[in-house]
Each structure stands twice: as C-alpha cells, then as structure tokens.
Amino acid sequence: MPQNKIAVYNLKNNKGVSIDITNFGGKIINIYVPDYKGNLMNINLCYDTLPDTVNGDLYLGALIGRYANRIAKGRFELDGEVYILKTNGGAHALHGGEKGYNAVIWNAKQENNKLILTHIDKTGTEGYPGTVSVQVVYELTNDNELIISYQAKTDKATPINLTNHAYFNLNGVDSDSLILNHLLKINADSYTPMDHTSLPTGEIAPVKDTPFDFREFKLIGKDIDASHPQIKNGKGYDHNFVIKGELNELKFAAEAISPKTGISLKVFTTEPGMQFYTGNYLNIDEFGKKYIPRSGFCLETQHFPDSPNKPEFPNTILRPGELFESKTIYKFGLTGMS
Ligand code: BGC
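The following paragraphs examine the structure supplied in this document. (Residues numbered from 1 in each chain as written. Predicted model: local features only at pLDDT ≥ 70, side-chain atom pairs only at ≥ 80, totals over all residues. Heavy atoms only, no water.)

**Some details on the overall build of the chain**
Secondary structure summary: the chain contains two helices and 28 strands in total. The C-alpha radius of gyration computed for the chain amounts to 19 Å, which stays within 12% of the reference 20 Å derived for 338 residues, consistent with globular compactness. Expressed as a percentage of its 338 residues, the buried residues of the chain come to 59%. Element-wise, carbon and sulfur atoms account for 50% of the exposed surface of the chain, whose accessible area totals about 13500 Å². Here the chain contributes 34 positively and 38 negatively charged side chains, and the mean placements of these two sets differ by 2 Å. (Helix = DSSP H or I, 4+ residues; strand = E, 2+ residues; numbered from the N terminus. Rg over C-alpha atoms; globule rule 2.2 N^0.38 Å. Buried < 20%, exposed > 50% of the residue type's maximum accessible area, 1.4 Å probe, protein only. Areas by Shrake-Rupley, 256 points an atom, 1.4 Å probe, with all protein chains shown as cover. Lys, Arg positive; Asp, Glu negative; His and termini not counted. Charge placed at Lys NZ, Arg CZ, Asp CG, Glu CD.)

**Observations regarding the environment of H182**
The residue H182 is located in the loop between β15 (163-164) and β16 (183-186) in this model. What makes H182 buried here is its relative accessible area of 0%. Excluding its chain neighbours within four sequence positions, the residues that come into contact with H182 are N169, L170, N171, K218, L219, I220, I257, S258, P259 and F297. (Contact = heavy atoms within 4.5 Å.)

**Some points on the site of the ligand**
In the vicinity of the ligand, the contacting residues are Y59, N69, R70, H95, H165, Y167, D238, Q275, Y277, Y281 and E300. Note that an oxygen atom of the ligand is positioned 3.4 Å from one of the side-chain N or O atoms of N69. Here R70 contributes a side-chain N or O atom positioned 2.8 Å from an oxygen atom of the ligand. Relative to its unbound accessible area of 310 Å², the ligand is 92% covered by the protein chains. Residues that form the shell around the ligand fall into these classes: four nonpolar, four polar and three charged. (Near = heavy atom within 4 Å. Polar contact = N/O pair within 3.5 Å; in protein donor to acceptor, adjacent residues only side chain to side chain. Nonpolar A, V, L, I, M, F, W, Y, C, P; charged D, E, K, R; others polar.)

**Quick word on unusual backbone geometry**
With an omega of 0 degrees, the peptide bond running from G65 to R66 counts as cis. Even without a glycine there, the phi angle at K73 is positive, about 55 degrees. Within the secondary structure, K73 is located in the loop between β6 (70-71) and β7 (75-78). Even without glycine at this site, H95 takes up a positive phi of about 50 degrees. Judged by relative accessible area, H95 falls into the buried class, the value being 5%.

**Quick word on the state of the cysteines**
With the rule as written, the count across this model stands at zero disulfides. The closest cysteine sulfur to the non-disulfide-bonded C298 is located on C46, 14 Å from its own sulfur. (Disulfide = S-S within 2.5 Å.)

**Concerning the sheet that holds strand β4 (residues 40-42)**
Here we have four strands laid out as an open sheet, ordered β1-β2-β3-β4, and antiparallel in their pairing. Across the chains shown, the open sheet's two edge strands, defined by having one partner strand only, are β1 (8-12) and β4. Each strand axis lies, on average, 20 degrees off the axis of its neighbour in the sheet, ignoring direction. The sheet contact formed by strand β3 (residues 28-34) and β4 spans three bridges and is antiparallel. From the neighbouring strand, P34 faces β4, where its bridge partner is L40. (Pairing = 2+ DSSP bridges. Axes fitted to C-alpha atoms, helices over the stretch in contact; angles between N-to-C directions.)

Written out as structure tokens, the structure is:
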C-alpha cells in the first residue's frame, strides 16, 4: 500500500552503498559509499534527522518540479493563454514556486531496492495549468547506480521540467572541506549564458577558451573566481550546460572525482541539459549543520531554464495523451575503477 505519512526509506546494495530518502519532497538524505580505504563516507549534503530535513533548507537532495530552474518573471504564454506563476526567485519563478515538488508529501511504496514516489499536482497549483500525475522511481543497483526515472501525464498542456537537487561533496560531507579540489569533466561543447538575474539570454555559447570548458578533467576551483562576466553573473558556476548527444537518449553527462577519497561520481541522462551549480547561495547554519558556498556541487539534469519563453530551446510542453519520461543515473565508484 502506498504511504503518505512522512517516513524514511533505505536503499542498500551488495557493495555496501546505502541511501536514505524521505517521501517529504522526495529528498535524498544521505548517500554512503566506500572510499579508497573501504570506509563508508556520506557524500550528500544533509541534515541528521527527519524533522530537520523537513524544516531545513528547501532544496537539499530534493525533487524539483513542476518546472526546474527559472521561468522569466513567472510568466509564459501557451496555446494563446497567458499564465502567471508565483515568483519566488527574485523576479522569476524558481523550482516550481513557493511549494514545489520539494515541499510536498509524496505517496511512497518501497519494493526491495526501489522507492516509488507518486504525486498528483493539481491544476492551478502555483499558477500552472492542468493536473499532472507524476511518478519518480529511485532505484539502487548492485553496480552502484542510483537510477532516477521520472514519468508524468497531464490533462492540459503544461510546461514540465523535473530534476533532483542533491548537493555532493565527494571528500565526504563531514570533512569540512570544500569541493574546489574536485576534478570535473562535463560532456558539453556549449552552455547557455545568463544575465545577472540568472536567466538565460537565449544564446548558446561555446565553452572553448572560457572558464566553462570542462571537456577534459579540470579542478572545479581553477576558474571559479575568474573575472569572466558569466562567472560574475552566477557568483561562480550556476549554468546550464548543453550535453552532447541525442535528446531522450541516455548519454554520459559528467564525472567528478575527489582526489582526497578517490570517490568518483558519473552522471548519465536522457535530458539535453545539466545545471552545474557550486552552491554559490548556500548559507546554512542550523540544526548543527554549517554549509557555505562551495560546500557542495549540484549536477541537475534538466531541460534548459526558461524554455517556455525561449522557443529556440528544446520543447518542455507536455500535452494530454503524451507520456513524459526522463532518466538520470548517478553512478558511484572509485577513481580508475567503474
Ligand atoms: C539554481 C540556483 C539556485 C539554487 C537554489 C539551483 O538549481 O541554479 O540559481 O540558487 O538552485 O538552491
């Protein structure tokens, strides 16, 4: 029977990887993976208890929807109608609004190493059209993959863009060390520049000869404070990268490595974009936890921000009769091993 009391569910595999997830906001609470010495390390920024997770920062580890990232001025036009959303990220609608998918209690059902979360997002919520039925499945495999599969249907045309907002620190989240020492590679030749309000300009720019070139492994800290105007606009990295490969096909998106623990994280996705965010606005000092800018990084697979207002970006409109499907895999390993 699906449950909609707030609870914690544990997924474990035969390699010792253990992940706790709550159905409140679908938040990943912790991800324990072995380091090069075989010690289990938590690599996911979190709080220690369920009440703290519920009352704490909105987005740590959370599912994000109905529309991940920003919609300009909380406004878009669809099929001749103008829709006005609540604005909660400066002048824009951010991550589904004041009460996005990160703040709802999902129905939950666990089947062995799978957690199945469902939610009915009623028409009009936060200003969005149509009732959307959404399902997110978290599955942990014995190959150390956390597979996140998203599906959604609607009864009226609506924008949709779903992701997970886990902040990783592969040094271990209790180590107090920042993520600047991580090596990162992103499978992207281009990214979508943004203005000083973090809204994409619509341009697709090459990464070559910019701080955004992660085509080969590079230290996250190397260019994070560069004088490049895009780094200034984001206060670091907070940008959507255009992942190479076919839309809707599973493709390699990124790999991060901590030289301290040897832990690596690979990301594969069917999505066309990925927000690389270095926690530039993190400012948590509560419930015994202190997280500051650069304490963690996010690799949020997604469609491009503000697509409902940018017809040149890949389509984010879901229509009645269609099935929205998206998949992202976070694969944990050790450097040099898969
Ligand atoms: C966005 C940031 C935002 C953050 C909030 C990220 O996905 O790109 O601009 O501040 O979420 O946690």
